[in-house]
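Here is what each chain is made of, one letter per residue.
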Amino acid sequence: MTKSKFDTLSIHAGYDPKDHRFASSVPIYQTAAFGLENTETADKIVTGKLAGRYDYSRDGNPTVRVFEDRIAALDGGVDAVAVGSGMAAISYTILNVAENGGRIIAPRNIYGSSLDEFRTFFPKFGIDFDFVDDINDFKTVKDLIGEDTKAIYVESVANPSTEIADLEKLAEIAHAACIPLIVDNTFPTPYLLRPFEHGADITVYSSTKGINGHGNVISGLVVDHGTFDWNNPKFPQFSELEFTLGDEDSHKQ
Ligand SMILES: *Cc1c(COP(=O)(O)O)cnc(C)c1O
């Protein structure tokens, strides 16, 4: 399937009809919870050891999974997570990459709600932004990178100015400093531009816009290229062990 071209992927990627009673269209699984059969199977499902099974739609849902896999395939990423809006996708990304606080470099000329939350919301959580007037002023961007800089954030084609970011050059600057380049690729969508082919590490989308194309649903996505080395003292959150309720028995001390 990954060798298929864009148009084929856009209607088939992430969906195997035989897993869904051979339904031609992707069924909408309108359910909050899923049956767990018995305690043994439940344990495997909640600890993520049983592929294709779900317990609760906040954690995962077969319909949403098709959407995530399909966009990851179209964008050339390894995986994606779908959320309730484009702003949620941006917020998830910023809060994850700058856990424990830090600074992020971004252009001033971006989508209004993003600028608003970067200026007024994230600073309350210890995440501050260094804004630049021209994201393609590479010297200024490079000079702004400090010890606590966690990422460079750009819009590939800015909404509404249509200003274009030089992704290759910005990826080079980010990677030299061991930080990721995050790209809001809402405007072109993967159909017109795939930022991972130009060095980006994470893409975010408001799929409310061109990806949906009908203007009838609010949704967002975060896609991972899978190539950034998170084993870096700046990002301990991506390699430290996370203990959840399901781990209790196996990790008793
Ligand atoms: C619309 C938009 C967003 C926000 O998305 P919502 O789905 O409205 O939350 C973020 N970035 C860009 C570039 C947008 O156009």
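Not measured: the values here are computed from a predicted model.

Caption draft 1: Structural context of the nonpolar core. Residues Phe 118 and Leu 181 are the most contacted members of the largest nonpolar core, which totals 51 residues. Top element by residues in this core is helix α7 (residues 167-176). It accounts for five residues. If near-sequence neighbours (up to four positions away) are discounted, Phe 118 is found in contact with Ile 90, Ile 94, Ala 106, Ile 110, Pro 123, Phe 129, Phe 131 and Tyr 153.

Caption draft 2: Region of interest: the packing of helix α4 (residues 86-97) against helix α5 (residues 112-121). In contact at an axis separation of 11 Å, α4 and α5 are set at 35 degrees when each is read in the N-to-C sense. Along this stretch, α4 crosses α5, giving a crossing that reads as right-handed. Contacts between α4 and α5 involve Met 87, Ile 90, Ser 91 and Ile 94 on the former and, on the latter, Ser 113, Ser 114, Glu 117 and Phe 118. When the residues that make up the contact of α4 with α5 are grouped by side-chain class, the tally is four nonpolar, three polar and one charged.

Caption draft 3: Structural detail: the pairing of strand β2 (residues 102-107). In terms of burial, β2 is a largely internal element, five of the six residues being buried. Relative to strand β3 (residues 127-132), β2 is paired through six bridges, and the arrangement is parallel. When the bridges of β3 are listed, Ile 105 appears paired with Asp 130. For the crossover from β2 across α5 to β3, the handedness is right-handed. Note: β2 against strand β4 (residues 149-155), three bridges, orientation parallel. Opposite Ile 105, over in β4, you have Ile 152 as the bridge partner.

Caption draft 4: Examining the environment of Pro 233 more closely. Within the secondary structure, Pro 233 is located in the segment after β7 (220-224). A relative accessible area of 80% places Pro 233 in the exposed class. Distance in space between the C-alpha atoms of Pro 233 and Cys 178 is 10.0 Å, their sequence separation being 55 residues.

Basis of the calculations
Residues numbered from 1 in each chain as written. Predicted model: local features only at pLDDT ≥ 70, side-chain atom pairs only at ≥ 80, totals over all residues. Heavy atoms only, no water. Core = buried A, V, L, I, M, F, W, Y, C linked by side-chain atoms within 4.5 Å. Buried < 20%, exposed > 50% of the residue type's maximum accessible area, 1.4 Å probe, protein only. Helix = DSSP H or I, 4+ residues; strand = E, 2+ residues; numbered from the N terminus. Contact = heavy atoms within 4.5 Å. Axes fitted to C-alpha atoms, helices over the stretch in contact; angles between N-to-C directions. Left-handed = near helix turned anticlockwise from the far one by under 90°. Nonpolar A, V, L, I, M, F, W, Y, C, P; charged D, E, K, R; others polar. Pairing = 2+ DSSP bridges. Right-handed = clockwise from strand over helix to strand, strands pointing away.

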